[in-house]
Amino acid sequence: MIADTEGPFGIMITILGIEFTEWPLERVVEECLNFIRSGSPHVVITAGPEFVMRVLRDPSLRRPIERADLITPDGIGIVLAARWRGTRLAGRVTGIELTERLLIEAETAGWGVYLLGASDPSFQSALSAIRRRHPDLRVDGRHGYFSEEEEREVIDQVAAFAPHILLVGLGQPRQEVFVDRVRDQLNIPLAMGIGGTIDVLGGTVTRAPVWAQRLRLEWLYRLVREPRRLRRQMALPVFAWRAWREGRHSARP
Ligand code: UDP
């Protein structure tokens, strides 16, 4: 029996060893603002079923998970797994939604945002779109295709900008490992992996239509648009089976 625990960030729901916050988007945003105001380094991870399965296979990912301040349910599979345990989550808290909210808050508060990730054309078009939508925002960044040897230079570029918010879209789990490596070194109040969000902001990848999101089929839409995701999504049935079995044994009364 795995009990849910009351932590500093509300009730934490443990799904296959990862502690998710029960909080909805707006409450998570509020906490992110507290993290930034505190000035000390904080990390948020948005995790879906594929990432959970990845962590089970790769113990080196435990460190970023254990050091993260907040882990949000980014995938309908996590919401369902929570339900199997007797917890009704308000919904997903995704990287794209958090990013959009944080850009608004950062513009108002005068915080600097650094975006790292995606191909150069995609990054450039995201940056232009953000600057158009948020003319008063201090924002910069760079594309995410760099070698291990170039990483030092990339870290120096981030440090030179001294962002309040660092958004890293290198894909999971590389972005989480990167964020974990630089979090204390760069002393960034809020760092977060955002997957393919830069592509969405730049318009090179479109999100599933709202009806598909409502029907909880965003994963299927992405699979059809990007068939290369099939290999990763093969982990989903295994996740569902394991999470369901775990849920049966640990459901809240
Ligand atoms: N990416 C990158 N550098 C790399 C490999 C990938 O910047 O070396 C970017 C890629 O262009 C895309 C993002 O990382 O913008 C990964 O997107 P995906 O939708 O696969 O994210 P996930 O599903 O992992 O959240």
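Residues numbered from 1 in each chain as written. Predicted model: local features only at pLDDT ≥ 70, side-chain atom pairs only at ≥ 80, totals over all residues. Heavy atoms only, no water.

Draft legend 1. Local environment of helix 7 (residues 151-161). When helix 7 is considered as a whole, its buried residues turn out to be E151, V154, I155, V158 and F161. Each buried residue of helix 7 lies within a common arc of 125° when the element is viewed along its axis, so the set occupies one face. In the core, the buried residues of helix 7 are packed alongside strand 6 (112-117), strand 7 (138-142), strand 8 (165-169) and helix 8 (174-186). Once helix 7 ends, the next one or two residues include A162, with phi positive near 50°. (Buried < 20%, exposed > 50% of the residue type's maximum accessible area, 1.4 Å probe, protein only. Helix = DSSP H or I, 4+ residues; strand = E, 2+ residues; numbered from the N terminus. Arc of directions from axis to C-beta. Contact = heavy atoms within 4.5 Å.)

Draft legend 2. Region of the structure containing the packing of helix 1 (residues 25-38) against helix 5 (residues 95-109). In the contact formed by helix 1 and helix 5, the axes pass within 10 Å of each other and the chain directions differ by 50°. Judged by the inter-axis angle, helix 1 sits oblique to helix 5. Both helix 1 and helix 5 take part in a crossing whose hand is right-handed. Judged by residue contacts, L25, E26, V28, V29, C32 and L33 of helix 1 engage E97, L98, R101, L102 and E105 from helix 5. Grouping the amino acids of the contact of helix 1 with helix 5 by side-chain chemistry returns seven nonpolar, no polar and four charged. (Axes fitted to C-alpha atoms, helices over the stretch in contact; angles between N-to-C directions. Parallel < 35°, antiparallel > 145°, perpendicular 65-115°, else oblique. Left-handed = near helix turned anticlockwise from the far one by under 90°. Nonpolar A, V, L, I, M, F, W, Y, C, P; charged D, E, K, R; others polar.)

Draft legend 3. Spatial organisation of the sheet that holds strand 3 (residues 18-21). Sheet architecture is open: three strands sit in the order 1-2-3, paired in antiparallel fashion. Because the sheet does not close on itself, it has two edges, and the strands there are strand 1 (5-7) and strand 3. Across the sheet, the mean angle from the axis of one strand to that of its neighbour is 45°, orientation sign disregarded. Sheet topology places strand 1 next to strand 2 (residues 10-15); three bridges connect them, and they run antiparallel. The residue of strand 2 that forms the bridge with E6 is I11. (Pairing = 2+ DSSP bridges.)

Draft legend 4. Representation of the packing of aromatic side chains in the model. In the structure shown here, the tally under the stated rule is three aromatic pairs. Judged by centre distance (5.9 Å) and plane angle (25°), the rings of W241 and W244 are stacked. With a gap of three residues between them, W241 and W244 both fall in helix 13 (residues 235-250), about one helical turn apart. The side chain of R174 reaches across the aromatic face of F146, ending 4.9 Å from its centre. (Phe/Tyr/Trp six-rings, centres within 6.5 Å; stacked < 30°, edge-to-face > 60°. Lys NZ or Arg CZ within 6 Å of the ring centre and 35° of its normal.)

Draft legend 5. Layout of the packing of helix 4 (residues 76-84) against helix 13. Where helix 4 contacts helix 13, the two axes come as close as 8 Å, and the packing angle between them is 25°. Considered as vectors, helix 4 and helix 13 are oriented roughly parallel to each other. Judged by the sense of rotation from one axis to the other, the crossing of helix 4 with helix 13 is right-handed. When helix 4 is examined against helix 13, the residues G77, I78, A81 and W84 are found in contact with a partner set consisting of F239, A240, A243, W244, G247 and R248. Considered class by class, the residues forming the contact of helix 4 with helix 13 number seven nonpolar, two polar and one charged.

Draft legend 6. Main features of helix 5. Between its first and last C-alpha atoms helix 5 spans 20 Å; for 15 residues at 1.5 Å apiece the expected length is 21 Å, and the two agree. Every buried residue of helix 5 is listed here: G95, I96, L98, T99, R101, L102, L103, A106 and E107. (Expected span 1.5 Å × (residues − 1).)

Draft legend 7. Quick look at the site of the ligand. For the ligand, the set of nearby residues contains 16 residues, the closest of which are G144, R174, D199, R222 and R229. At a separation of 3.0 Å, an oxygen atom of the ligand approaches a polar backbone atom of Q172. D199 places a polar side-chain atom, nitrogen or oxygen, 2.6 Å from an oxygen atom of the ligand. Within the complex, the protein chains bury 81% of what would otherwise be the 540 Å² of accessible surface of the ligand. Among the residues making up the shell around the ligand, the classes are represented as three nonpolar, eight polar and five charged. (Near = heavy atom within 4 Å. Polar contact = N/O pair within 3.5 Å; in protein donor to acceptor, adjacent residues only side chain to side chain. Areas by Shrake-Rupley, 256 points an atom, 1.4 Å probe, with all protein chains shown as cover.)

Draft legend 8. Inspection of the pattern of salt bridges at higher detail. One pass over the structure, following the stated rule, counts 20 salt bridges. For R101, the salt bridge is made with E105, and the minimal N-O distance between the two is 3.2 Å. Taken together, the residues span about one helical turn, with R101 and E105 both in helix 5 at a distance of four residues. Among the charged side chains, a network of salt bridges with common partners joins R63, R67, D69, D180, R183 and D184. (Salt bridge = Lys/Arg side-chain N within 4 Å of Asp/Glu carboxyl O.)

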